[in-house]
Amino acid sequence: MTLQQAQGPTPSTPRTWWEIAIVLALGLGESAIYSIVQLAYRLTDATPLADQTTTLNPSRSDREVFDFIYQVLGIGFSIVPVLLVCFLLWQNTRPHLGRLGLDGTHIGRDISRGILLVLAIGIPGLALYVSGRMLGLFVLVDPGGLDTHWWTVPILLLSAARASLMEEFVVLGYLFFRLRQLGWGLWPIIIATSVLRASYHLYQGPGAFIGNLAMGLLFGWLFARTGRLLPFLVAHFLIDAVAFVGYPLVAPLLP
């Protein structure tokens, strides 16, 4: 199902906008607002942006067992918006999540396409980050941050899965479908969702806005053409998993 083929009963416009606002307020919209405020804080701080650091997966307790519990709880509760959009767009007939671009077919092909997306985005993304660090457009991003425990890698992989599910289910699957129902055109939807994606990464610096805006435009254009969500879930997960788990190995090489 492509974007042009999206079907379904159209709810009232005010109700749809309230629904969108609630879904975003539970996750990505909240993150976007906090990121904007945090960027303003960073830019007005006495420490230059290039000398600042942000940690994506910090420890939550100095006691290992509670750190583990907090990590699991944080990941679990953060995917509630994903469950909500699945509930809102669930169809009684198969494919139940067809409106979200998930029909259970061509899984192998979709995974292969996701891997190709990693190659197309991962290397340019790393180059942008390194260049942005040199230009002072990025803070130093530490994707790991956890102490070394037996559960560190599994938690980092779950964190990567959480980011993939939250962003792609909401930004691509849900918003594309709802905005189409509201009568938006293809490129207004792609641009609006890309700006949202870029906005909740602003805490990493202006360079992160540019990089994620470009990623959003590419993802949005490809999703509109195919209507298949799985390749983007796979690509996003692999990009974050490599960054989260592999960061300690490459950190000494980064500026």
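Residues numbered from 1 in each chain as written. Predicted model: local features only at pLDDT ≥ 70, side-chain atom pairs only at ≥ 80, totals over all residues. Heavy atoms only, no water.

Asks: Quick question: what am I supposed to make of the overall build of the protein chain here?
Replies: Helix and strand counts for the protein chain come out as nine helices and two strands. Seen in sequence order, the protein chain has helices and strands lined up from the N terminus as α-α-β-α-α-α-β-α-α-α-α. Along the longest, intermediate and shortest principal axes, the C-alpha atoms of the protein chain span 50 × 40 × 35 Å. Sorting the 255 residues of the protein chain into buried and exposed places 44% on the buried side. Summarising the internal contacts of the protein chain: among those between residues at least 6 apart in sequence, 78% fall at separations of at least 24. (Helix = DSSP H or I, 4+ residues; strand = E, 2+ residues; numbered from the N terminus. Buried < 20%, exposed > 50% of the residue type's maximum accessible area, 1.4 Å probe, protein only. Contact = heavy atoms within 4.5 Å.)

Asks: Please clarify how the packing of helix α6 (residues 152–181) against helix α7 (residues 186–199) should be interpreted in this entry.
Replies: Packed helices, taken two at a time, are described by the angle their axes make and the gap between the axes. The contact between α6 and α7 brings their axes to 10 Å, and the two run at 150°. The angle between α6 and α7 falls in the class roughly antiparallel. For the pair α6 and α7, the crossing hand works out as right-handed. Each of E167, E168, V171, L172, L175, F176, L179 and R180 in α6 lies in contact with α7, whose residues at this interface are L186, I189, I190, T193, L196 and R197. Looking at the contact of α6 with α7, its residues break down into nine nonpolar, one polar and four charged. (Axes fitted to C-alpha atoms, helices over the stretch in contact; angles between N-to-C directions. Parallel < 35°, antiparallel > 145°, perpendicular 65-115°, else oblique. Left-handed = near helix turned anticlockwise from the far one by under 90°. Nonpolar A, V, L, I, M, F, W, Y, C, P; charged D, E, K, R; others polar.)

Asks: Would you mind going over unusual backbone geometry with me for this structure?
Replies: Residues apart from glycine generally show negative phi values, whereas peptide bonds are mostly found in trans. Residue P95 is bonded to the preceding R94 through a cis peptide linkage, with omega at -5°. One can find P95 in the loop between α4 (80–89) and α5 (107–135). Phi is positive for H106, close to 55°, though the residue is something other than glycine. For H106, the position within the fold is in the loop between α4 and α5.

Asks: Would you mind going over a nonpolar patch on the surface with me for this structure?
Replies: A cluster of nonpolar side chains, namely V65, F66, I69, Y70, L73, F77 and V80, defines an oily patch on the protein surface of about 650 Å² accessible area. Judged by its relative accessible area of 37%, V80 falls in the partly exposed class. (Patch = residues over 30% accessible without salt bridge, like charges linked within 9 Å, V, L, I, M, F, W, Y side chains within 5 Å. Areas by Shrake-Rupley, 256 points an atom, 1.4 Å probe, with all protein chains shown as cover. Salt bridge = Lys/Arg side-chain N within 4 Å of Asp/Glu carboxyl O.)

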